[in-house]
Each structure stands twice: as C-alpha cells, then as structure tokens.
Amino acid sequence: MMFSGIDISIQSRKKDKNPKFLSGLKTKKGKYLQSQSPERHVEFLDTIRMQMQISEVMDTFARRRLVQFASVKAWGQFSVPEIALGFLNGTFRSDFPSVKSYTHWKNRQADILEGYFCFANDVADKQKIGQLVAKIRNSEEWDNNMSPSERSEILLALKQYLCVLSSKPGRFGIQGETYYWTSAYHMNIRLYMKLLFGLFDILEDGQLIEEADELLKIVKLTWPLLGITQKLHSALYVWVLFKQFVGTEETMLLEYAIRVMQKSLFSEASEPREDEYICSLSCSATSGSNEYKFNLVQSIFFSIGSWCEIKLQDYHLHFSQLKRPFFVPQKSSLFKGVMNMAVKICRVDASKHFKFIESDDLGESTSRKVKGYVDRSLEAACMRVMDNIYFGSEVDRTHPLALLASELKIIAERELSMYYPVLCHWYPQAGIAASIRLHRFYGEKLRPFLQSVSCLSEDVRAVLPAANELENCLTELYCTACQENGLTLQFSEEFIHYQIGEISRPLILDWIIAQNKRVMEWTARAFDLENWEPLSHQQKQAPSAVEVFRIIEETLDQLFQLRLPMDITHLQALLSIIFHTLDAYLQKVTSELVGKQNLYPPIPPLTYYKETTFPIVKKKLVESTVLEDEVTNKLNELTTSKLCVRLNTLQYIQKQISALEDGIRKSWSFAGPFDNGEHSIEESPETSGRILDTCSESVDELFVATFDCIRDTAAHAIRSICEFIGVRVVFWDLRKSFLYRLYHGGVENSRLDSLLPNLDGALNQVCGLIDDALRDRVVSSIFRATLEGYVWVLLDGGPSCAFSDLDIPLMEDDLNMLKDLFVADGEGLPRSLVEEEAKFAHQLLSLFSLQAESVIQLLMSSSQHISVGLEVHKSGHRCLGDADSLIRVLCHKKDREASKFLKEQYKLPASSEYDEDGVEPNFKSVLVTDLIRRSASARWSDKGHSSFKSIKKKLQEATWR
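Residues numbered from 1 in each chain as written. Predicted model: local features only at pLDDT ≥ 70, side-chain atom pairs only at ≥ 80, totals over all residues. Heavy atoms only, no water.

Observations concerning the overall build of the chain
Then step 1. Assigned secondary structure in the chain consists of 39 helices and six strands.
Then step 2. Each of the 961 residues in the chain was classed as buried or not, and the buried ones make up 49%.
Then step 3. Within the chain, contacts between residues at least 6 apart in sequence are counted, and of these 75% link residues at least 24 apart. (Helix = DSSP H or I, 4+ residues; strand = E, 2+ residues; numbered from the N terminus. Buried < 20%, exposed > 50% of the residue type's maximum accessible area, 1.4 Å probe, protein only. Contact = heavy atoms within 4.5 Å.)

Have a look at this one:
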C-alpha cells in the first residue's frame, strides 16, 4: 500500500474512526480511486489490522519502520526479504512492550530470510547465509553480546546476498517477473494465502466481511511482489474458500468457490508463458499413504477432488453428524454442494490429474461415478452397523435382527429424505439401487429367522415389526425413485418382499382370539367385586367400569404395539371382543333390576265415603302383596344411591365408547389395511382407489355395527334405570312419608307443604350423586313419579282419603307448589316440561270439582271404554274418562249422591268400616263378585241399562280370568 501511493502514516490513525470503506487506491495504471472522506480511509486501515489480527502496538511499529524504509528506498521494485532486512536494521528490544513480543517478531524476520535465501535452488553459500540468520535468531548473541556495528555487518552481508539474487532475471519473461517468483514461490504462496484468509470475518469465520471486495483490491497490489497471476490468484482463492468451507461447513463458501472456478479460472485462455510459470510451481499432495507431485493448480484440484471423493464414498458417515443440524432446510444443501463440486472436478481417465467440468454433465461417466458413491457408502454403512450390532443387542437386550432393521431403517430414511433428492440429479436410479441393496442385505439375514416362526414369541414381536417398518421405508424409497423419474413402477426380481404380512396374519388372529376369554373373565371378576360406590367425588362412576375399559385399552395397546400389518379379519375379531365384553357388562347392570310393578303399594279397597257418628269396630286391612325373597333382596341392594352410581357408570360407558372408537380408528389407520405388496405395482391408481374405498366402507360398517349397538344398549339401560329411580324414590323410599300421609284423614291436616321437605331431601341426595349430564333426566323421572304418586293418592288413597269441593282449591295450590319445587326458580326443570307433565293431574282435580251427577253420567257413557278389572289398573297408564278412574273419583268424593250411587249400584262398603293398614286378602275376587251380584237389581235408564250390561259383562270376564 505504501509503495502504491496509499497513505499509511501514523498520523492517519489518530483521526476519527467512523467509516468503513477504502480511502484511496492506486491502480496498475497509476491512477487513484478517490475516497469519499479521509475518515473512511482510516477506518478501512483499521479493519485490515484487525483482520490480520495485529495489535495496535505492532501496527504502529510496522508503519513507522515502513515509512523509514521508504525514505531510503527509491520507487521501484522491492522484495519481501528486503523489507525484513529494513525492519531489522535499527530495531531494538526497547521498541517492543515485552521481551516475548520482540523475540517473536525477530524470529519471524529470521524465518522470512531463511525461507527466501536458504531454500532457493540456485543460491550459493547457503551454509554461510544460514549461519548469519542463526546469529539473528540467537537472542543472547544478537541482543547482548554483539555491538551495533557487528549487527550492521551481518545485515550488510545479507544485503549483499540479496542484491545478487535480486539482480537475477526471471525465468519466463513475464512482465514484472522477479527472481523470487520461482525461487521462493512457497513463501510467496503462504504469504498470499495469509492475506486471503483475512477476507473472512474473525468473529464469524464462515462469512466474508462487508469490505471483502475493497480488501481484495488491496491484496491484489501484492501480485508483482509475490509473483501472483490472475489464474494463480483464482486457484489460491478457490483453495482458501474450500479450506474455510471444510472448517465451517458453510455451504455458501463452497458455492462461491465453484463460481470463482467457472468465471475466472477457466473463463479465459491463459498465456503460454503463464502456463509454463504455473507448471514450474511444484507441489505435493497426499492421498492416504501416497504422495504425488503436481503443479500448484493440479495439486489444488487433486486435494479438493480427493477430499470430496473420500467424503462421498461414505456419505452416510460424513454427512449424518454435522457441526450444524442437518435437517434444517438451509443446511441441507451441504451434501448437494459437495456432490456438485465432486462431479465438476473430474479425474482424467485413470490418472491422478483432475479437470473442471463447467456444464452439468449427465453423461454415463458421471452416473457411473455417482453410482460408485452410492454402492460404496451403503456398503460401508452396512458393515459399520454389523460391527456394532451384537454389542448393541447385548446392551439393549434386543434381538440382533430387530436392532439391525432399526439401524438400516435410519439409513434408508436418510437416503430417502437427504441423499436421494441430490443424487437423482446425476443418477436417477440412485433410490432404486439403494433400496435394492439394503433390502437384499437385510433379507439374507432375515430369511432363516422367518422359517422358524411359529408363534408370537418375544423375539418374533421384536423382529417382525422392525423388519416390516424397514421394508415399508425401502418400498417408499423404491416407488419414489420410480415415480419421480418416470420409470415403470414394477418391482424387480431383486426386490422380493419379506412376506411379513402372510407370516404374521394367522399368528395375530390366534392371539386376538386367545384374548377373548381373558378379557371376559376379568370383566366378570370386576363386576362381581363391584359394590356400586362412586370412584371419587369428581369421578362418580363405578370402579368396575373403569377396570373394564382399562382391560380393553390394555388389550388394544398390546395388539397395536405389535406394529404388524393387519386386515379386516383382525379388526372384526377385535371388535367382537369389545362388543361381547361391553354387552355382557351392560346386561349384568340391567339384569339386577326388578320390575317396577313390585315397587307400587297394594291398592286399598273401593269404598264410598261415610262419616261415623259413633264408634264401631273397623276391619283391619292386611297387605295383599307379598314379594318373593329374591325380589326383596334385589330391592334392598338397589338403593337410590347405588342406582345413581349405575346411571353414572352407564353415562361413563357412553362417553368412553366414543373415545374408544376414535382411538381404534386412529390406530387402525396406522396398522391396516394389510397389503401384500402385489396390488400396488400392477394395478392402476383407479383400481387401487376402488379397493381402498371398498375396504374403508367395510371398516366403517364394522364400527357402526359394533359401537352403535353398544350405544343403543347403554341408552336403553339409562332409560330403564332413570324410570326405575323415579318410581323407587316416590313409591318405595317415600311411601310412608309421602303416599301414606298426603291427604290422609283430611286435606287440611296433611297438606303437601308439610311433606315437601322429605321430597326435597330425596332430590338433593339424588342431585348430589348423579352426573350433571343425567341430572335433568333423573329429576324429570322423579317428577313424573311424584305426579303419578299424587294421582295415586287421589284415586287409590284408600278409605281415609276423601275430598270435598272446598278441598279442591287447596289441592290445586299443592299441585302448583309441587311444580314450583321442580322448576326451582329456573334452575330446575323447564317450566314448559313441568306444565305438560302436570296436565293430567290438573284435569283430574277438575274432574273432582264436578258435581256427582255429572261424574255418574260420564261413568255411564264410558262403559264401552271400561278397563278390564277395576282395581288392577296399570300404574302410569290411567285415562281420565275411563270407568276405572271415574268410579275411583266417586269413591273419594265427600258427596252424598256419590256415596248413595256407589252403595246402591255397587254395594260398596262404607269407608268408615276400615282402618287404613292394608288391603284385605283376596279382595279382587270378592269385590268383583259382589259388584256383579249387587248390581243386578239396580234401576238404570234404557241407555244406562244397556251401558251397565256392558260393564257387567266385562266384570264377569275379569272374574273368570
């Protein structure tokens, strides 16, 4: 820079340092590139210092000595050893901050002199020169023992040798050529490469600095001094870029090196004298244990080509574990970059020389070269896996074949995702060749094992899934290679499937069938141990249901963890197990219920109302219904709390069924359907699509048939238990506190408000036990049963229940009070639902408010709709206008006309004759016989007489039954 007219004085460093670019630069023609500002020049000089990693102290010293050297040196050519001698002359230890830095600097100058003088071929007195340089290197002698004059004599002697060498002409007659171009080219090249390495950021060595172009212009000023030509610069720049790429794995540097080779190194034909000069620069290159002699450019080609070949001949090793994550998209071009460089630097025939191919050559030689990379890399990878497989098998306690398949699958996945997309550009059959080689390699190890498979042993469970996954991966690689390159999609004879599906299919089916007995036994055991207590406050279902689904999930996990191909037969067998297991559990849940008819209380005898005026001996009522011991035991077990747990359990089953179905569908989508590999190649995509659609439809039908049936069974069980809970709460749990107390002995003395706490307590208990999703359904059932109980009190309340016209408004208020309880200020049942359910009770109260004559007329006109058996009506199926309800309305009216009618026409006993403890035995037959006998002499109107004959006939039929 100094001899090119660029200011490097010490004063320039004292200026403000803000800019980044070059200040001034003298071109080869002597012209200058003017800077935008002096400050930028200072900043650029400082950037050079930092890139060369020179301290400010050494930089100041070097500038001062260079200025001194330039003051006594005329403009013109100069040499590197001449600069070194100029530095040594007049430099003392006191000029440096430490002895160590001085010694290091002095030895470097001695190395430069030795490199330029002692290693030149045609230098005389090398021994003498070596002795002089040794004295400079000896710190004790040079700095302590020698006088300044003695040191000057040594430097003068070296300068004389320098003048002799500098006067010698160049060998090739190139303009600006000096003797040192060829005599000390090794030193020149090392210095120039050091300058080129300064282009890389010292903080991020994979990137060029922003001022790289400006700095490169400065570096080119050294060409006459160091004997660098354009072609030589391009070759060295490529080498520096490549070495930096090897150290940093920054693909951009490799791409830049290729561009430099394309644009500069081979863009223009060089002069013959330059070619002779470059050929004279002899270099050695090593490959393995061999050493070869080339010229400088060929040596660079050889080194780059050899490195690429070494890496690519085992690319599975060298490109699988990188300094930076390989799977990151922007880093995936590393392998492609090396492959691109390898195919562009081509070996000439069988020699050790390389040439650069500018175009993308897809010829046979390139394909053959890449095929060699694929074969050798896969062979090395397989052998490496085999070397470690048995040791790894002992450590992991895994069958060697399973471990081998897993390792080969990793290789195949990398081949598919990373290597094949690059290799296919030069060798389209790369994926096919790789898949066939790996498939054959593992098949040779697997076939003896397959011949001994007879059951799903631990080894079989380990080996077959791993082998199947490997084959699937290799098949994907094979098919991808065929499709992307437009090749015929047909497996060759070298790719014969392992037949894993055919071997495993009967073994899996036997295993599934064997699980049926185990699952059913565990389900039965879980149900037998169930006491119908909730699992927890949050989980209100029974533990047995959780256990049943745990058993099913465990079976599913074991099946799908086999990771083997399955077909629809396996799915059918699996769903059959699930259906029979859950259906058996649901049947057990509902089989313990008893008929609702067992919950209703006995029906008291029909009487007409009559007040007693004096004490009489009343008939004792005896309960007419005696339940069987089995029914009684079941009712004792079926408490309301346990029924709520059963309902929660059924709700839990419905939820789990959906989750179970989704899980099986998802697992099945990964496991099936089974395909032996024959159809995917020979059949057209349309045919394959129809086969898949048909298979999918069959699978959907199986799922629908299985799980919809279970859902229907569970839904029916929920309806049954909901209805049972309502009847149980009202007619069994609250029989004495509600049915036997409401309106007994008079409406005013036993109003509903005094009984509501019992009903409210029962509701609170149920709502605390039941799942939120079922609350409204259960409360609705209790409400319907409560209304049914209310109607039962009105029609079957017994001799002590009789209602006057004045009682009806009070009873209306009670019914409204009952409705409000279940509406619960909008937090309970919907008002519309409550009103609809209570409609019959309101109509019945309206019927009670009618005059007795009107009710009697309704009774006479309804003979054609009379129920069979007045006293054995079906609970919950009353009809407002039938004779059964009308007679009972008359029986419970405090009305003289009604009592007279019942006494005269039906000969019913008076209510005052009974105590309300129960029902007389055999009441049915006695009552019906009495009614028929007593009604024979009754006087009816013609129309009424005809109607009564119909009633009489049906009563006789009921008696005969």
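Notes on the nonpolar core
In a soluble, globular protein the nonpolar side chains are often hidden away together inside.
Then step 1. Leu 236, Met 339, Tyr 442, Leu 446, Ile 578 and Ile 664 are the most contacted members of the largest nonpolar core, which has 279 residues in total.
Then step 2. When residues in this core are grouped by element, the largest group, 16 residues, is from helix H28 (residues 685-733).
Then step 3. Sequence-distant contacts of Ile 578, defined by excluding residues within four places in its chain, comprise Ile 552, Leu 556, Leu 660, Ile 664, Phe 707 and Ile 710. (Core = buried A, V, L, I, M, F, W, Y, C linked by side-chain atoms within 4.5 Å.)

As for a nonpolar patch on the surface
Then step 1. A cluster of nonpolar side chains, namely Met 50, Ile 202 and Leu 203, defines an oily patch on the protein surface of about 320 Å² accessible area.
Then step 2. For Ile 202, the position within the fold is in the loop between helix H9 (185-197) and helix H10 (212-219).
Then step 3. For Ile 202, a relative accessible area of 42% gives the class partly exposed. (Patch = residues over 30% accessible without salt bridge, like charges linked within 9 Å, V, L, I, M, F, W, Y side chains within 5 Å. Areas by Shrake-Rupley, 256 points an atom, 1.4 Å probe, with all protein chains shown as cover. Salt bridge = Lys/Arg side-chain N within 4 Å of Asp/Glu carboxyl O.)

As for unusual backbone geometry
Then step 1. The backbone of Arg 563 shows a phi angle near 55°, a positive value even though the residue is not glycine.
Then step 2. Assignment of secondary structure puts Arg 563 in the loop between helix H23 (543-560) and helix H24 (568-591).
Then step 3. Classification of Arg 563 by relative accessible area gives partly exposed; the value is 40%.
Then step 4. Positive phi, close to 55°, is recorded for Lys 907, a residue that is not glycine.
Then step 5. Within the element layout of this structure, Lys 907 appears in the loop between helix H37 (896-906) and helix H38 (923-934).
Then step 6. With relative accessibility at 32%, the residue Lys 907 sits in the partly exposed group.

Considering empty space enclosed by the protein
Then step 1. Enumeration according to the criterion identifies four cavities of 30 Å³ or more in this entry.
Then step 2. Space inside the largest cavity adds up to approximately 60 Å³.
Then step 3. Taken together, 13 residues line the largest cavity, and the ones lying closest to its centre are Pro 605, Leu 606, Thr 607, Gly 798 and His 892.
Then step 4. Counting residues per element, the ones that place at least two in the lining of the largest cavity are helix H31 (775-796) and helix H36 (883-891). (1 Å grid on protein atoms, 1.4 Å probe; cavity = no way out; pocket = protein on both sides within 12 Å on 5 of 7 lines; lining within 4 Å. Points joined across faces, edges and corners; volume = space filled by probe spheres on them.)

Description of the packing of helix H19 (residues 400-423) against helix H20 (residues 430-450)
Then step 1. With their axes 10 Å apart at the nearest point, H19 and H20 run at an angle of 175° to one another. Judged by the angle between their axes, H19 and H20 are roughly antiparallel. Between H19 and H20, the contacting residues are Leu 401, Leu 404, Ala 405, Leu 408, Ile 411, Ala 412, Glu 415, Tyr 420 and Leu 423 on the first element and Ala 430, Gly 431, Ala 434, Leu 438, Phe 441, Tyr 442, Lys 445, Leu 446 and Phe 449 on the second.
Then step 2. Here the residues of the contact of H19 with H20 sort into 15 nonpolar, one polar and two charged. (Axes fitted to C-alpha atoms, helices over the stretch in contact; angles between N-to-C directions. Parallel < 35°, antiparallel > 145°, perpendicular 65-115°, else oblique. Nonpolar A, V, L, I, M, F, W, Y, C, P; charged D, E, K, R; others polar.)

Some words on the confidence of the model for the chain
Then step 1. Looking at the chain as a whole, the pLDDT averages 82, with 81% of positions reaching at least 70.
Then step 2. Taking the mean pLDDT of every element in the chain, the minimum, 37, falls on H38 and the maximum, 94, on H23.
Then step 3. In this model residues 866-875 is a low-confidence stretch, pLDDT under 50, and it forms 29 contacts with partners more than four residues away in sequence or in other chains.
Then step 4. Counting contacts from residues 918-961, a segment whose pLDDT is below 50, to residues more than four positions away or on other chains yields 68 contacts. (pLDDT = per-residue confidence, 0-100.)

Concerning the packing of aromatic side chains
Then step 1. Per the counting criterion, the structure on display carries 36 aromatic pairs.
Then step 2. Consider the rings of Tyr 478 and Phe 495, whose centres lie 5.2 Å apart with planes at 50°: the pair is tilted. With a gap of 17 residues between them, Tyr 478 in helix H21 (residues 458-484) and Phe 495 in the loop between H21 and helix H22 (500-528) connect regions that are remote in the sequence. For the pair Tyr 478 and Phe 495, a shared accessibility class is recorded, and that class is buried.
Then step 3. Sitting over the face of the ring of Phe 441, Lys 445 holds its NZ or CZ atom 4.1 Å from the ring centroid.
Then step 4. Note that Arg 665 overlies the ring of Phe 703, its terminal NZ or CZ placed 4.3 Å from the centroid. (Phe/Tyr/Trp six-rings, centres within 6.5 Å; stacked < 30°, edge-to-face > 60°. Lys NZ or Arg CZ within 6 Å of the ring centre and 35° of its normal.)

Overview of the pattern of salt bridges
Then step 1. Tallied over the full model, the rule gives 34 salt bridges.
Then step 2. Among the ionic pairs, Lys 409 bridges to Glu 413, the shortest N-O distance being 2.5 Å. In this pair, Lys 409 and Glu 413 are both assigned in helix H19, four residues apart and thus about one turn of the helix distant.
Then step 3. Lys 409 gets classed as partly exposed once you look at its relative accessible area, which sits at 21%.
Then step 4. We note a salt bridge from Glu 835 to Lys 819, for which the minimum N-O separation is 3.0 Å. Taken together, the residues Glu 835 in helix H33 (residues 831-837) and Lys 819 in helix H32 (residues 807-823) connect sequence positions 16 residues apart.

Digging into H10
Then step 1. For H10, the set of buried residues is Ala 212, Leu 215, Leu 216, Ile 218 and Val 219. Summarising the axial view, the buried residues of H10 lie within an arc of 155°, below the 170-degree limit, and thus occupy one face. (Arc of directions from axis to C-beta.)

Points about the environment of Thr 713
Then step 1. Along the chain, Thr 713 turns up in helix H28.
Then step 2. When the C-alpha atoms of Thr 713 and Gln 587 are compared, they prove to be 8.5 Å apart, with 126 residues separating the residues in sequence.
Then step 3. Residues contacting Thr 713, with those up to four places away along its chain left out, are Asp 583, Leu 586 and Gln 587.
Then step 4. Polar side-chain contacts of Thr 713 include one of 2.9 Å to the backbone oxygen of Cys 709. (Polar contact = N/O pair within 3.5 Å; in protein donor to acceptor, adjacent residues only side chain to side chain.)

Some details on helix H7 (residues 148-166)
Then step 1. Across its 19 residues, H7 extends 26 Å between first and last C-alpha, which sits within 8% of the 27 Å expected from 1.5 Å per residue.
Then step 2. Contacts made by the buried residues of H7 are with helix H3 (80-88), helix H4 (99-117), helix H5 (126-137), helix H6 (139-145) and helix H8 (180-183). (Expected span 1.5 Å × (residues − 1).)

Section: the side chain of His 497
Then step 1. Take His 497: it is sitting in the loop between H21 and H22.
Then step 2. Judged by its relative accessible area of 18%, His 497 falls in the buried class.
Then step 3. At 3.2 Å, the side chain of His 497 forms a polar contact with the side chain of Glu 471.

Comments concerning the packing of H4 against H5
Then step 1. Contact pair H4 / H5: the axes reach a minimum separation of 9 Å and the direction vectors enclose 170°. Regarding the angle of H4 to H5, the classification is roughly antiparallel. Along the contact surface, H4 presents Lys 106, Asn 107, Ala 110, Asp 111, Leu 113, Glu 114 and Phe 117, while H5 presents Ile 129, Val 133, Ile 136 and Arg 137.
Then step 2. Residues of the contact of H4 with H5, tallied by class, amount to six nonpolar, one polar and four charged.

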